[in-house]
Amino acid sequence: MASKVWSEVRFSCPVCLELLKDPVAIPCGHSYCKRCIKNCWDQTDHRGVYSCPQCREAFTPRPVLRRNTMLAELVEELKKTGLSPPPAQSYAGPGDVPCDFCTGRKFKAVKSCLTCLASYCETHVKTHYEGAAFKRHKLINAIGNLEQKLCAEHQRVLEVFCRTDQTCICLLCTQDEHKSHNTVSAKKERSVKQKQLGETQTEIQQRIQERLKQVEDLKQAVESLKRSACREIKESEKIFTKLIRSIEKIHTEVIELIGANEKAAVNQAKGRMKKLEQEIAELRRRNVELKQLSETEDHIHFLQNFQSLCAPPEAGDLPSVTVNTDISLGAVRKAVSELKDHIEDFCKGELIKITTTVNKVAVYRLQAPESRNRAEFLKYSCQLTLDPNTVYEELSLSEGNRKVTWGETQRYPDHPERFDRWPQVLCREGLSGTRCYWEIEWSGGGASIGVTYKGISRKGGDRFCGLGCNDKSWSLRCSDSSYTARHNNNHTAITAPHPPRIGVYLDFNAGTLSFYGISDTMTLLHRFQTTFTEPLYPGFGLWGSGSSVTICQLN
């Protein structure tokens, strides 16, 4: 059996992985099906250089292919002995990465080479293990879309991370547009982000445990509530059975009253449990995605998906719940007992007393969530950089595009996204579907701090270009003497202290944009409540020569 398997491999074509058909040998000594090697070389005719698919030795001009008679006879003899095809590898199916070097039906790739930018099956990857020229190539478990690992501008492998722009780049990029940026290796940045991912996972797991405990507490409270309600109904029934027929109607009304309170409390608790269970399911799904991302071997895939998957989880600001599990209707029983001793005309007045007593029993309470402090806001801090393509010509950028100052006229190239009359600049990052927090420091005559949809007008001196002066933007205008909140050119004057640092908190899904004055404490200056329909771009406007805005580093 071992001899048979050895023969199968020895007389198989390295391209199609089947027994050699019309075998030919090329100058380096390797043999192929004539059709297979001809097809390979036909694809490289335009270059005029022909190489061996196994050892990569190149030939010029194209070698003439001649039938290897001795090898052909050996293959025919092996066929007569009942030789089966080579050991079956797994063919590539839906979702698998196919081998780039198989012809015809392709086998499943087991490795991808980040140097060759190709994927290989078990047979075709052997050259990377055996050939000296491939020793420095980087092999990883097979992945698809290798073109995404290339720099779009230089067509080089992405292996560096630019912290300034929060993007993956190649080595040539570090000598070009990212020359003065803060850059590190993808591996080093992965280790930093891996720690952040672990912290996010820990927070999610803690949230799951908290929500599970709340669900269990609610379940127990509901059961106790049901038992208490049942007990009180039975007690009331014992009393009402002693009453005469003339008060049977009142008896029924009291029972229905207690049951209605029980049903309302149970329905509210069930609704609360459903929301908690939905949040738990979402947190578990998120945890699985983060675990898969944490375990991937592909640094680039990790970094490209990190921002979207590792965004801080929803805080789940649902009000906490307290269920009063003891519907103590002792006062009700007393009132019902007294009915026995009173005449029928008095019963109507006693029913009013019963109703009032039942409604005073609070069986369900909602408590508003506590207000946040700055440490909690910092959990949602995001990295922002100013976009040079949007900046007005009399504004200059510095500190890695994190500071803008009104000064001398700059020579910026024309760009359709540039503000040509309004002294404003937007950030590169569009924010949507999550919670984000950032802080800025401003100085000088005044500044506008806000967010806008990308479609804000950029050209001309029309007021609709200004932050907060249209229905596409929201802003807080700051001066030494006042604050003004603006949206759609509606102004709201704000009276508050004037610290130089402003915190901005965006809850996109909740539709809130909040501005805080930052000093020893956080003071809410203004909150917009709306429904956001597009990604929001933070932006700033300056008023007066020498004014400046700096995006603060919060990490």
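What counts as what
- Residues numbered from 1 in each chain as written.
- Predicted model: local features only at pLDDT ≥ 70, side-chain atom pairs only at ≥ 80, totals over all residues.
- Heavy atoms only, no water.
- Salt bridge = Lys/Arg side-chain N within 4 Å of Asp/Glu carboxyl O.
- Buried < 20%, exposed > 50% of the residue type's maximum accessible area, 1.4 Å probe, protein only.
- Helix = DSSP H or I, 4+ residues; strand = E, 2+ residues; numbered from the N terminus.
- Lys, Arg positive; Asp, Glu negative; His and termini not counted.
- Polar contact = N/O pair within 3.5 Å; in protein donor to acceptor, adjacent residues only side chain to side chain.
- Contact = heavy atoms within 4.5 Å.
- Core = buried A, V, L, I, M, F, W, Y, C linked by side-chain atoms within 4.5 Å.
- Pairing = 2+ DSSP bridges.
- Axes fitted to C-alpha atoms, helices over the stretch in contact; angles between N-to-C directions.

Caption draft 1: A look at the pattern of salt bridges. Counting across every chain of the model gives 20 salt bridges. With its nearest N and O atoms 3.9 Å apart, the salt bridge here joins Lys 472 to Asp 471. Taking the relative accessible area as the measure of exposure, Lys 472 reaches 33% and is therefore partly exposed. One connected set of salt bridges, linked through shared partners, spans Arg 374, Glu 439, Glu 441 and Arg 501.

Caption draft 2: How the structure looks around the side chain of Glu 429. Here Glu 429 is to be found in the loop between β15 (424–426) and β16 (435–443). Buried charge without a salt bridge: Glu 429, with Arg 428 as the nearest opposite-charge side chain at an N-O distance of 6.3 Å. A distance of 2.9 Å separates a polar atom in the side chain of Glu 429 from a polar atom in the side chain of Thr 385. Among all residues touching Glu 429, those that are not within four sequence positions of it are Gln 383, Leu 384, Thr 385, Leu 536, Tyr 537 and Pro 538.

Caption draft 3: The nonpolar core, seen in detail. Judged by nonpolar contacts, the single largest core of 41 residues is most densely connected at Trp 438, Ile 502, Leu 513 and Phe 515. Among the nonpolar cores identified, the runner-up in size contains 28 residues, and Cys 151, Ile 208, Phe 302 and Cys 310 belong to it.

Caption draft 4: Representation of the sheet that holds strand β9 (residues 167–169) in the model. Strands sit in the order β9-β8-β10 across an open sheet of three strands; the sheet is antiparallel. Each end of this open sheet is capped by a strand with a single partner; those strands are β9 and β10 (183–185). Neighbour-to-neighbour, the strand axes of the sheet open up by a mean angle of 35°, direction not taken into account. Across three bridges, the pairing between strand β8 (residues 160–162) and β10 is antiparallel.

Caption draft 5: Structural view of the pairing of strand β18 (residues 473–479). Counting buried residues in β18 gives six out of seven residues, a clear majority hidden from the surface. Relative to β18, strand β17 (residues 446–452) is paired through seven bridges, and the arrangement is antiparallel. Across the sheet, Ser 448 pairs through a bridge with Arg 477, a residue of β18. Strand direction decides the pairing type here: β18 and strand β19 (residues 483–487), joined by five bridges, are antiparallel. Along β19, the bridge assignment pairs Leu 476 with Ala 485. Connecting β18 to the antiparallel partner β19 that follows it, the hairpin turn spans three residues.

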